[in-house]
Amino acid sequence: MPYFKPFKVIIVGFDGVLGSVLAGALDLFSFTGVSWQRFLDEDVEPRFNVQIASLGGANIRCSNRLIVQAHCDICEVTECDLLLIPTIGDSIDKVLSRNSQLIPHLQRLANTKADIASNCSGAFFLAEAGLLDNKIATTHWGYANKFKADFPLVNLQENQFVTQSGNIFCAAGGSAFY
């Protein structure tokens, strides 16, 4: 029996996500501590219960054409300890438009006790949902001008690698989750 309750991590999957970040975040959380336990020939007690959630539990078409099967439907997620929005790997405007049905679920889950984190251009989803209004945030420096133009209510700190406003965290780089 585990001596702790694993943290529940939900990674938001959407068409146009950067495949390496989606898979990398899944690996990072799935294997934290697990490999060490295996090295020591101990019983494996995962530190995180990690799932990829998409609209309707549908398969996710990554920007590199990799198809990833979601673990669950984001509509059925009622709570988590961490909600992670990974990097947008395709045209930001196209991805936001095609995945606009995610916005109410990000807003709904923001009203729980969950920490929320975005990676790189994933901050555009949080800003689109209004979750970054009047808060500090960051994104990849290459998207800074677009972000400022699209979301003037956000206090963008493009020179910061990581920002925190309450329970919302933003990381600037495409693989900044490592």
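On a predicted model such as this, the values are computed, not experimentally measured, just so you know.

Undergrad: I'd love a proper account of helix α4 (residues 103-110), names of residues and values included.
TA: Residues Ile103, His105, Leu106, Leu109 and Ala110 constitute the buried set of α4. Here the buried residues of α4 occupy an arc of 165 degrees about the axis, which is enough to place them on one side. Where α4 is buried, its residues touch β1 (7-12), β6 (82-85), β7 (115-119) and α5 (123-128).

Undergrad: Could you give an account of helix α1 (residues 19-31), naming the residues involved and the relevant values?
TA: Relative to the 18 Å expected for 13 residues at 1.5 Å per residue, α1 spans 18 Å between its end C-alpha atoms, a close match to the ideal helical length. Regarding α1, the residues found buried are Gly19, Val21, Leu22, Gly24, Ala25 and Phe29. In this structure, the buried residues of α1 make contact with β1, β2 (48-54), β3 (60-61), β4 (67-68), β6 and β7. Of the residues flanking the end of α1, it is Gly33, one or two places downstream, whose phi is positive at about 85 degrees.

Undergrad: So what about the environment of Ser30? Which residues, and what values?
TA: Tracing the backbone through its elements, the reader meets Ser30 in helix α1. Along the backbone, Ser30 and Ala70 are 40 residues apart, and their C-alpha atoms lie at a distance of 15 Å. Of the polar contacts made by the side chain of Ser30, one reaches the backbone oxygen of Leu26; its length is 2.7 Å.

Cut-offs applied
- Along each chain, residues carry numbers from 1 onward, in the same order as the chain's sequence is written.
- For a predicted model such as this one, the threshold for reporting local features is a pLDDT of at least 70, and the threshold for listing and counting side-chain atom pairs is 80 or more; totals across whole chains, interfaces and linings nevertheless cover every residue.
- Excluded from the side-chain calculations are hydrogens and water; all other atoms, namely the structure's heavy atoms, are used.
- Only protein chains enter the area calculation, which uses a 1.4 Å probe; residues under 20% of their type maximum are buried, those over 50% are exposed, and those in between are partly exposed.
- Helix numbering and strand numbering both begin at the N terminus, where a helix is a DSSP run of H or I of at least 4 residues and a strand a DSSP run of E of at least 2.
- Our arc is simply the arc of the directions from the helix axis toward the C-beta atoms.
- Contacts between residues were defined by any pair of non-hydrogen atoms, one from each residue, lying within 4.5 Å.
- Expected helix span is computed as 1.5 Å times (number of residues minus one).
- Polar contacts here mean pairs of N or O atoms no more than 3.5 Å apart (in protein, one a potential hydrogen donor and the other a potential acceptor; neighbouring residues in sequence count only if both atoms are side-chain atoms).

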